[in-house]
Structure formats: C-alpha cells, structure tokens
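Structural overview
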Amino acid sequence: MDKTMLPIFMDNHSTTPVDPRVLQEMLPYFTERFGNAASKNHSFGREAEKAVNHARGQVAHLINCDPSEIIFTSGGTESDNIALKGIAGKPGHIITAMTEHKAVLDTAKRLEKTGSEVTYLPVDSDGLVNPADVLAAITSKTILISIMMANNEIGTLQPISEIGKIAKEKGVFFHTDAAQAVGKIPVDVQAMGMDLLALSAHKIYGPKGVGALYVRRKNPKVTLTPLFDGGGHERGCRSGTLNVPGIVGFGKACEICEREIPYESARLETMRERLKAMLFQGLSAIILNGHPTKRLPNNLNISFAHVEGESLMMDIPEIALSSGSACTAGSLEPSYVLRALGISNEMAYGAIRIGLGRFNTDQEVEYAGERIIKSVNKLRALSPLNETTASLYPSPSRGGQVGMGLTYNM
Ligand SMILES: *Cc1c(COP(=O)(O)O)cnc(C)c1O
C-alpha cells in the first residue's frame, strides 16, 4: 500500500470526519451569516433562523417526523440526558438494557439516586434484548423504556419495532438512542413507534458538538422537564443560543445520508464481509461478537484467543481501531458490553472493534486484513500458550468459549 495513505481510520463508531460537502454548507455561517437565530427583528437573525429551520426539515425528513418535533442539542449524550431526566421529572420506573451507551446507563444511575427505579435488562449471547423481557418488566410505575437501536461496540440491531409496539400497547413512553443507527439503516419514528429518539451529528459525517432529540408532539404528546433554564429556545426544552453552523452541517449530513443510505450501506457491508472473510480464513480461534446478521453494515467486532486487543492495536499503530477494553481508574477493564454477552474476560480482552466508514477504500480493507492476520500470528507465536492453541481450536468458529483461566499482565 502507498505509504501516503497511512494512517488508516477504521474507528468510525467513535467519530467520523466531516464530509467536505457538509463543511461547504457550514462555512458561510461562521462569518457573513453569523446571526443569532433568536434575533428575529433583523435580517441577520432571520437568515440564521431560516438556515436552522431548513436543517430542522432535513433532520426530520431522515427519521420521518414533523420538523417541529426536532430539538437541537449539543449531541447524543445531551439528547439521552434530556430524554431520561426530562421524562423522570417526577421519579418513576425506567426499563433499559445492560449494553446501552454510558449516556443512557450513567443517566439512569443518576436517576436512581433521586428516587427513580431502573430495570437493566440482560441480553442474549448476540446482544439482543428479548421483547418479552421488556413486556414482563413493565409495572404500573413504568414511565419510560429506553433501548438503543444499534449498539456502538458490537453493532447489534435491537428489535425496536416490537418494543415500540409493546410500549404503545402499555401506554409507556419509548426512547431510543439511535446515534449509531441513523444514517446507516432506515429509521422511521412512525413505523417503529418511538416517542423520543437521540441523534448525533459527528457519527454521520457532521460536526462534533451537535445533535438532536426527536420529541413526539401527538399520539401521545411527550412533555419534558428541561435541564437548562434560559431563553426558552427549542420549545422550552433546551435553552441556549443555537449552534447555527453546526446545525446547518448536521442538516446537510442528514440529507446526504438519506440520499446515499442504500448505496452506502451496501458498499460498507461488502467491505465488512470481505474483511471478515479474510480474518476467518486466515486465522483460527477467533469469534465474531454480536449478531451475525442483525447488525450495522459497517461494524465488525472480533475476539482473538491468546491475543490482547490492546497489544494488537499497539502492534498496528498505522490503523486506528478500538479494543474491547476501557481504561477505568488506571486499570484496563473488559468491555461491559462484551461481558453482558456472556463471553469470558479473556475473550473480552482479546476483542477488536472495526468501524468502517464512508471514506474507507477496498485497498484499505485488504491492507487491514493482511496486517491484522500477520500481527495476530506474530503475537500468538510469542505467547507461551501457543502450543495449546491449535488443539483447542481446530477450526475457525463463532460462539466458542475460552475457559482457560489465562492471566494477563495489565
Ligand atoms: C456517540 C454515541 C453517543 C454520544 O453522542 P455524542 O454526540 O458524542 O455525545 C450516544 N450513544 C451512542 C450509541 C453513541 O454511539
């Protein structure tokens, strides 16, 4: 591979670059069109307001809602916070899942401290929530169900429409964190039955620090307690001067996604399948984490026995990947998402997340496949347990468990 193409970015679940077409739309709103969208008494303000409303329409169209149901925020984290804390203005019972993003889990934990009760549903070995578990968890006190559409680590797509139907039948509000799903798979809040939905611009080739919350206005109308007090912007849900250039970019990013989803999803899936095939053909003793088919087209999450994800990443510094571990208070903890699938600590430490994106090429995929195989073989050759590897894992398989009680020096 041409050295000038390095480094390669394959961590598109963590963020994405701003699409040049998005940047073009944004630029005038930093300089000549700098008005405050709330200053309706002069042309500068009205021009900004017009641009924000145009973007509101673009975001709304992508998820099939009315533009008046879109609240602009600082991102996915804030949207999740407004949804959960806004509904739990008075304490109640919330149902969520163990594999949610921290923006939901930590918010739920906070609400527990102020009198709310939270049920954290388990998932199966592919990361799926069982809709029957959701139904069984509903009590007379339940005010909200919050289940993400697509998981940011393993890409698993939840049975959102079924959960939406249950929520509607039981008269409970339904929130979904769709930060990873929007722009990659079709999202329709009417067909899928959401009352609240969180989006983030920087996951879909828009700028960082912008997002939105969809808030249903009728059948049923959702009323939220705001987190910020101030000028009463965004229907009183989110006071604060609007980030006009960011919102303009977010709108454009949504418009591009809507137009290109069919083509882009197919392209990402083809690249993902190619990479997966290379790794499974080239290596033994690896497992796919997450659902084999109900998953985001751009996500691959693989555990390599006898190799730590962190070591693998360090051995391949020219490709940006993510491991299954997170540094918590100075020590490396295996991912809580992978642990929730029931895989061993060892296999969780051995995980790598690959997030393909709009700007990855076939050539980069070939390079990454070969490079990862080479590195895993090298690291395994260094491992004292290598002798046993071949007999324990005669063929590539998924769903295997490693129960060897390996110890790792973290
Ligand atoms: C990135 C992400 C968020 C947070 O969005 P920010 O805009 O970065 O605050 C929330 N949920 C999921 C699933 C995400 O992937």
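In what follows, the structure referred to is the one given above.
Read on for an overview of the structure. (Residues numbered from 1 in each chain as written. Predicted model: local features only at pLDDT ≥ 70, side-chain atom pairs only at ≥ 80, totals over all residues. Heavy atoms only, no water.)

With that settled, the discussion passes to the sheet that holds strand β9 (residues 286–288). Strand order in the open sheet made by the four strands is β9-β10-β15-β12, with antiparallel pairing throughout. The open sheet terminates on both sides in strands that have one partner only, identified here as β9 and β12 (322–323). When β9 meets strand β10 (residues 299–304), the two strands line up antiparallel, connected through three bridges. Note that in β10 the partner of I287 across the bridge is S303. Most of the contacts of helix α8 (residues 244–282) go to β10, to which it runs at about 10°, and overall it touches β9, β10 and β15 (351–355). (Pairing = 2+ DSSP bridges. Helix = DSSP H or I, 4+ residues; strand = E, 2+ residues; numbered from the N terminus. Contact = heavy atoms within 4.5 Å. Axes fitted to C-alpha atoms, helices over the stretch in contact; angles between N-to-C directions.)

Burial along strand β2 (residues 70–73) is two-sided: I70 and F72 facing one way and I71 and T73 facing the other are all buried. Two strands pair when backbone bridges link them, and β2 and strand β8 (residues 211–215) are joined in this way by four bridges, in the antiparallel orientation. Bridging across to β8, I70 finds its partner in Y214. (Buried < 20%, exposed > 50% of the residue type's maximum accessible area, 1.4 Å probe, protein only.)

So, on to the sheet that holds β2. As a general point, the strands of a sheet are linked pairwise by backbone hydrogen bonds and lie either parallel or antiparallel. If you walk across this open sheet you meet the seven strands as β2-β8-β7-β6-β5-β3-β4, and the pairing is mixed. The sheet is open, and its two borders are formed by β2 and β4 (117–121), each paired with just one other strand. Neighbour-to-neighbour, the strand axes of the sheet open up by a mean angle of 20°, direction not taken into account. Relative to β4, strand β3 (residues 93–97) is paired through five bridges, and the arrangement is parallel. Residue pairing across strands places I94 opposite V118, the latter belonging to β4.

So, about a nonpolar patch on the surface. Taken together, the side chains of V18, L23, L27 and F30 define a hydrophobic patch exposed on the protein surface, amounting to about 330 Å² of accessible area. Relative to the assigned elements, L23 resides in helix α1 (residues 20–26). (Patch = residues over 30% accessible without salt bridge, like charges linked within 9 Å, V, L, I, M, F, W, Y side chains within 5 Å. Areas by Shrake-Rupley, 256 points an atom, 1.4 Å probe, with all protein chains shown as cover. Salt bridge = Lys/Arg side-chain N within 4 Å of Asp/Glu carboxyl O.)

Our focus in this paragraph is the pairing of strand β6 (residues 173–177). Burial runs high along β6: four of the five residues are buried. Where strand β5 (residues 142–146) meets β6, three bridges bridge the pair, whose relative direction is parallel. Bridge assignment links I145 to a residue of β6, and that residue is F174. In this structure, β6 lies alongside strand β7 (residues 196–200), joined through three bridges in parallel fashion. In the sheet register, T176 faces β7, and the bridge partner there is L197.

Turning to the environment of N243, a few remarks are in order. With respect to the element layout, N243 can be found in the loop between β8 and α8. By relative accessible area, N243 is classed as partly exposed at 34%. With 206 residues separating them along the chain, N243 and A37 place their C-alpha atoms 9.0 Å apart. In terms of polar contacts, N243 uses its side chain to reach the backbone amide nitrogen of G246, at 3.0 Å. (Polar contact = N/O pair within 3.5 Å; in protein donor to acceptor, adjacent residues only side chain to side chain.)

Next up on the list: the site of the ligand. Surrounding the ligand, one finds 13 residues, the nearest of these being T77, D177, Q180, S200 and K203. Side-chain polar atom of Q180 to an oxygen atom of the ligand: 2.7 Å apart, as the coordinates give it. Between the ligand and the protein, one listed contact pairs an oxygen atom with a side-chain N or O atom of S200 at 2.7 Å. Calculation on the ligand without its partners gives an accessible area of 380 Å², and the protein chains cover 88% of this total. With three residues, the top contributor of residues to the shell around the ligand is helix α3 (residues 76–87). Per-class residue counts for the shell around the ligand are two nonpolar, eight polar and three charged. (Near = heavy atom within 4 Å. Nonpolar A, V, L, I, M, F, W, Y, C, P; charged D, E, K, R; others polar.)

Bringing the environment of E100 into the picture now. Here E100 is to be found in the loop between β3 and α4 (102–113). Between the C-alpha atoms of E100 and Y336, which are 236 residues apart in sequence, the distance is 9.6 Å.

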